[in-house]
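Here are the chains, one letter per residue:
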Amino acid sequence: MNFKTPYSRRDKLKRLIWTVVWGVFARPLPKSAGRRWKIFILRIFGAKVAWTANVYSSATIFKPWLLEMKDYACLASGVDCYNAAPITLGAYAVVSQRAFLCAAGHDITDPDHHQTEAPITIEDRAWVCAEAFVGQGVTVGQGAVVCPRAVAVKNVEPWAVVGGNPAKFIKMRRIEELNIRGGECYNLNKLIVQSWHLAA
């Protein structure tokens with residue numbers, strides 16, 4: 001086997017500096033404390049993270065310069081964001097505790113087992129639940145749910161709920177009406193659209 005690392009010395013040095021800085025200045029903070037401070041650190045290292053986003057202190061990010069998080073997106077505690085290729089979280093997207101976003105793998109048909117990479121996209125209002133796995137090249141569609149400990153190795157359709165290993169379709173996600181504001185009933189889908197416009 002003649003495996004060659006895809007990472008240059010410069011790349012390894014950048015990652016070393018990043019790991020030390022995050023470990024010293026962010027990881028000791030309790031959970032979601034110091035939210036804007038952590039976003040500031042991520043931005044210094046090239047991440048495109050909205051100021052309204054939330055990255056928990058114990059989240060692990062492989063290459064911050066390949067991370068994009070839009071308004072109110074969240075990487076929860078213990079998330080492993082292995083972004084050897086770009087990873088994007090849309091507005092209000094949530095990746096729950098100890099989930100694994102893995103944007104790299106290996107070519108199992110190659111005798112040298114070389115690394116393969118492909119971007120991951122978690123679209124607006126999608127939810128990757130606790131300890132779920134999302135593989136390279138996967139798009140989790142708008143509003144979709146990847147259930148706890150599911151393994152998503154193929155694209156997930158918008159508003160679909162998937163679970164299992166490999167993840168399979170369970171049902172479509174339906175947003176029910178909520179009875180709010182003085183007893184009047186409002187459709188949550190309309191409120192979601194309104195909130196997007198407000199956030200923009």
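Residues numbered from 1 in each chain as written. Predicted model: local features only at pLDDT ≥ 70, side-chain atom pairs only at ≥ 80, totals over all residues. Heavy atoms only, no water.

(A) Main features of the pairing of strand β18 (residues 160–163). Of the two faces of β18, the one lined by Ala160 and Val162 and the one lined by Val161 and Gly163 are each fully buried. Of the pairings in the sheet, the one linking strand β16 (residues 145–146) to β18 comprises two bridges and is parallel in character. Bridged to Val145 within β18 is Val161. Bridge count for β18 against strand β19 (residues 168–172) is four bridges, and the pairing is antiparallel. The partner of Val162 across the bridge, within β19, is Phe169. Linking β18 back to β19 in an antiparallel pair, the connection comprises four residues, with Gly164 at a positive phi of about 95°. (Buried < 20%, exposed > 50% of the residue type's maximum accessible area, 1.4 Å probe, protein only. Helix = DSSP H or I, 4+ residues; strand = E, 2+ residues; numbered from the N terminus. Pairing = 2+ DSSP bridges.)

(B) Fine view of the confidence of the model for the protein. Looking at the protein, pLDDT values average 88 and 87% of them are 70 or higher. Here residues 180–200 scores under 50 on pLDDT; set against residues more than four positions off or in separate chains, the count is 27 contacts. (pLDDT = per-residue confidence, 0-100. Contact = heavy atoms within 4.5 Å.)

(C) Inspection of the packing of aromatic side chains at higher detail. Per the counting criterion, the structure on display carries seven aromatic pairs. Here the aromatic rings of Trp18 and Trp22 are separated by 5.2 Å at their centres, their planes lie at 35°, and the arrangement is tilted. You can see Trp18 and its partner Trp22 sitting in helix α1 (residues 9–25), four residues apart, about one turn around the helix. Both residues of the pair, Trp18 and Trp22, count as buried. For the pair Phe62 and Tyr82, a centre-to-centre distance of 4.5 Å together with 55° between the ring planes defines the contact as tilted. Separated by 20 residues along the polypeptide, Phe62 in the loop between β3 (60–61) and β4 (67–69) and Tyr82 in strand β6 (residues 80–82) bring together distant segments of the chain. A relative accessible area of 14% places Phe62 in the buried class. Here the aromatic cluster, defined as three or more aromatic residues joined through ring pairs, consists of Tyr7, Phe62 and Tyr82. (Phe/Tyr/Trp six-rings, centres within 6.5 Å; stacked < 30°, edge-to-face > 60°.)

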